[in-house]
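Residue strings, one per chain:
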Amino acid sequence: MDHHLVISIDELWLKGKNRHNYMRAALDHTAAVFKVYHLDNFTYRIQSERIYYSSKAEFSPALIEALMCVP
């Protein structure tokens, strides 16, 4: 069974032509958190200013709490 996690970046549309840079920064920051808190394989996809993560392993409460602190 796959587990899913969605990160919504609501204000990204305000960034105009720099939107790509902000999305890359968000991906980099969340990837750093995943490296520390989720050691299992995962995949992600970007759609409509949201990052969708999937993994065979459950996402821990510590991971979710750490992701909530990402700017």
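Predicted, not measured: the structure shown is a model, and the values here were computed from it. (Residues numbered from 1 in each chain as written. Predicted model: local features only at pLDDT ≥ 70, side-chain atom pairs only at ≥ 80, totals over all residues. Heavy atoms only, no water.)

1. Overview of the packing of aromatic side chains
Considering all chains together, one arrives at five aromatic pairs under this definition. Seen from their ring centres, phenylalanine 34 and phenylalanine 42 are 4.6 Å apart, and the 35° between their planes marks the pair as tilted. Residue classification places phenylalanine 34 among the buried positions, given a relative accessible area of 0%. Chaining the aromatic ring pairs together yields one cluster made of Phe34, Phe42, Tyr44, Tyr53 and Phe59. Above the ring of tyrosine 52, the side-chain terminus of arginine 45 is found at 4.4 Å from the ring centroid. (Phe/Tyr/Trp six-rings, centres within 6.5 Å; stacked < 30°, edge-to-face > 60°. Buried < 20%, exposed > 50% of the residue type's maximum accessible area, 1.4 Å probe, protein only. Lys NZ or Arg CZ within 6 Å of the ring centre and 35° of its normal.)

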